Amino acid sequence: MDKKNIEWSELGFGYIETGKRYVSTYKDGKWDEGALISDPMITMSECACVLQYAQTIFEGLKAYTTEDGRIVTFRPDLNAQRFADSARRMEMPVLPEEQFVESIRQVVRANADYVPPYGTGATLYVRPYMFGINPVIGVKPAAEFQYRAFTTPVGPYFKGGAKPITIKVSDFDRAAPCGTGNIKAGLNYAMSLHAIVEAHEEGFDENMYLDPKTRTKVEETGGANFLFITKDGKVVTPKSNSILPSVTRRSLMYVAKEYLGLETEEREVYFDELSEFAECGLCGTAAVISPVGKINDHGREICLPSGMEEMGPVTKKLYDTLTGIQMGRIEAPEGWICEIM
Ligand code: PLP
Ligand code: COI
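Residues numbered from 1 in each chain as written. Chains lettered and ligands numbered in written order. Predicted model: local features only at pLDDT ≥ 70, side-chain atom pairs only at ≥ 80, totals over all residues. Heavy atoms only, no water.

**Topic: the site of ligand 2**
For step 1, the next point in the chain: The environment of ligand 2 is formed by Phe13, Phe58, Gly60, Tyr125, Arg127, Tyr157, Lys184, Gly223, Thr285 and Ala286.
For step 2, the next point in the chain: At 2.6 Å, a side-chain N or O of tyrosine 125 approaches an oxygen atom of ligand 2.
For step 3, the next point in the chain: Here ligand 2 has 290 Å² of accessible area as a free molecule, and 89% of this is covered by the chains.
For step 4, the next point in the chain: When residues of the shell around ligand 2 are assigned to domains, at least three map to each of domain 1 (8-154) and domain 2 (165-326). (Near = heavy atom within 4 Å. Polar contact = N/O pair within 3.5 Å; in protein donor to acceptor, adjacent residues only side chain to side chain. Areas by Shrake-Rupley, 256 points an atom, 1.4 Å probe, with all protein chains shown as cover. Domains from an automatic or database assignment.)

**Some details on the packing of helix α6 (residues 247-259) against helix α7 (residues 313-326)**
For step 1, the next point in the chain: α7 packs onto α6 with a crossing angle of 105° between their chain directions and a minimal axis gap of 10 Å. Relative to α7, the element α6 is oriented roughly perpendicular. Seen from α6, the contacting residues are Thr248, Ser251, Leu252, Val255, Ala256 and Tyr259; seen from α7, they are Leu318, Thr321, Leu322 and Ile325.
For step 2, the next point in the chain: The residue makeup of the contact of α6 with α7, split by class, is seven nonpolar, three polar and no charged. (Axes fitted to C-alpha atoms, helices over the stretch in contact; angles between N-to-C directions. Helix = DSSP H or I, 4+ residues; strand = E, 2+ residues; numbered from the N terminus. Parallel < 35°, antiparallel > 145°, perpendicular 65-115°, else oblique. Contact = heavy atoms within 4.5 Å. Nonpolar A, V, L, I, M, F, W, Y, C, P; charged D, E, K, R; others polar.)

**Considering α6**
For step 1, the next point in the chain: Between the first and last C-alpha of α6 there are 17 Å, a value that for 13 residues agrees with the 18 Å anticipated at 1.5 Å per step.
For step 2, the next point in the chain: Where α6 is concerned, the buried positions are Val247, Thr248, Arg249, Ser251, Leu252, Met253, Val255 and Ala256.
For step 3, the next point in the chain: With a side-chain oxygen lying 3.2 Å from the backbone nitrogen of threonine 248, the N-terminal cap of α6 falls on serine 246. (Expected span 1.5 Å × (residues − 1). Buried < 20%, exposed > 50% of the residue type's maximum accessible area, 1.4 Å probe, protein only.)

**Remarks on unusual backbone geometry**
For step 1, the next point in the chain: For arginine 75, which is not glycine, the phi dihedral falls at a positive 50°.
For step 2, the next point in the chain: Mapping arginine 75 onto the fold places it in the loop between β6 (71-74) and α2 (76-89).
For step 3, the next point in the chain: We note that glutamate 91 has phi near 55°; this positive angle belongs to a residue other than glycine.
For step 4, the next point in the chain: By secondary structure assignment, the location of glutamate 91 is in the loop between α2 and α3 (97-110).

**So, the domain arrangement of the protein chain**
For step 1, the next point in the chain: Taken domain by domain, the protein chain holds domain 1 (8-154) and domain 2 (165-326).
For step 2, the next point in the chain: Taking only C-alpha atoms, the centre of domain 1 and the centre of domain 2 are 25 Å apart.
For step 3, the next point in the chain: Carbon and sulfur atoms supply 64% of the area that domain 1 and domain 2 bury against each other, a total of about 1,700 Å² over both sides.
For step 4, the next point in the chain: Inspection of the domain 1/domain 2 interface yields nine residue pairs in polar contact (both at pLDDT 80 or more).
For step 5, the next point in the chain: Looking at the side of domain 1 that touches domain 2, the elements that each hand over two or more residues are β4 (56-58), β5 (61-65), β6 and α2.
For step 6, the next point in the chain: The element contributing the most residues to the side of domain 1 that touches domain 2 is α2, with six residues.
For step 7, the next point in the chain: Within the side of domain 1 that touches domain 2, the residues separate by chemical class into 10 nonpolar, five polar and six charged. (Buried area = accessible area lost by both parts, 1.4 Å probe.)

**Some words on the site of ligand 1**
For step 1, the next point in the chain: The environment of ligand 1 is made up of 16 residues, and the closest members are Tyr189, Glu220, Ser246, Thr248 and Thr285.
For step 2, the next point in the chain: Within the backbone of valine 247, an N or O atom sits 2.8 Å from an oxygen atom of ligand 1.
For step 3, the next point in the chain: Classifying every residue of the shell around ligand 1 by side-chain character gives five nonpolar, seven polar and four charged.

**Some details on a nonpolar patch on the surface**
For step 1, the next point in the chain: On the surface, a cluster of nonpolar side chains totalling about 350 Å² of accessible area is made up of Tyr53, Ile137 and Val139.
For step 2, the next point in the chain: Structurally, the position occupied by isoleucine 137 is in the loop between β7 (123-132) and β8 (145-154). (Patch = residues over 30% accessible without salt bridge, like charges linked within 9 Å, V, L, I, M, F, W, Y side chains within 5 Å. Salt bridge = Lys/Arg side-chain N within 4 Å of Asp/Glu carboxyl O.)

**Focus: the pairing of β7**
For step 1, the next point in the chain: By the criterion of burial, β7 is predominantly enclosed, with nine of the 10 residues buried.
For step 2, the next point in the chain: Bridging between β5 and β7 involves three bridges; their strand directions are antiparallel. The residue of β7 that forms the bridge with leucine 61 is valine 126. (Pairing = 2+ DSSP bridges.)

As structure tokens, this is what we get:
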């Protein structure tokens, strides 16, 4: 199979239309068997529930070319579970987890010519999503839904790749205490758009959101969970039920403990503690682990000792081990790697 003629190592995190996408429709109380199609456009009623009341959820995962030339994905079963959790919270039908994983297999295989070659630093991002499509005008859930999964080749989420970024403490809240912060609903991202535009205009790469109730604890950013490294090498991640349970973060906590022998802690992280940490990183499918060099709190700078030049040493070890597992250089825990072809 010939690969597309793309400058893989120049890719940023953007959308490039690829050949096929997977579509399945939910109607009369059941999902159809799903199919791959070529048309990237969607036609729907002006009154579709997704357009009026934002009934939409999504996932994000990647396909990798391994060192020995296979194409694999990473823990798609966890994305399937989280997608089901998101659907239940949003009054949407659950797509059977097997169908979710099968859709990923099919769409990656069908777009194999867009899976970046090993060693380019790029990957094929897979975006599964579901939305309410029939007309709804009174506020209630849709009765008909479309599930889709498309792919797009991507490079690093933050320009500069592994270069440390600067983030600001946001005055906006990302999630309400009993809201939807723990699921992957489009609405969580819609409300972050104003905050991210403002952060970018002020020269920051991302926002740090605090817990909306007390504004004393660290939650997450608009698109990734936090990891902190203490000065004595412990890996700490915030515990909160209003943040997204990141697949990357859960995997990294396991890697830290089982592969690197580090102590790990998932606990509430108070904003006041930040100056005591040695390293900070953002972790997620898109972000992988992006090191944070500086946190700006309304003009007061909290500078991580790891600095603005490179990833801190523990973050680097975590990064190398996780990407080593994903690209087949390091043996993966049972069930983590899903071979596509
Ligand atoms: N937090 C938010 C708000 C996200 O959008 C994402 C991305 O999916 C993550 C965390 C990281 O989750 P994962 O590692 O499962 O991609
Ligand atoms: C992902 O990491 O897959 C996400 O969905 C985050 C998004 C901000 C791109």
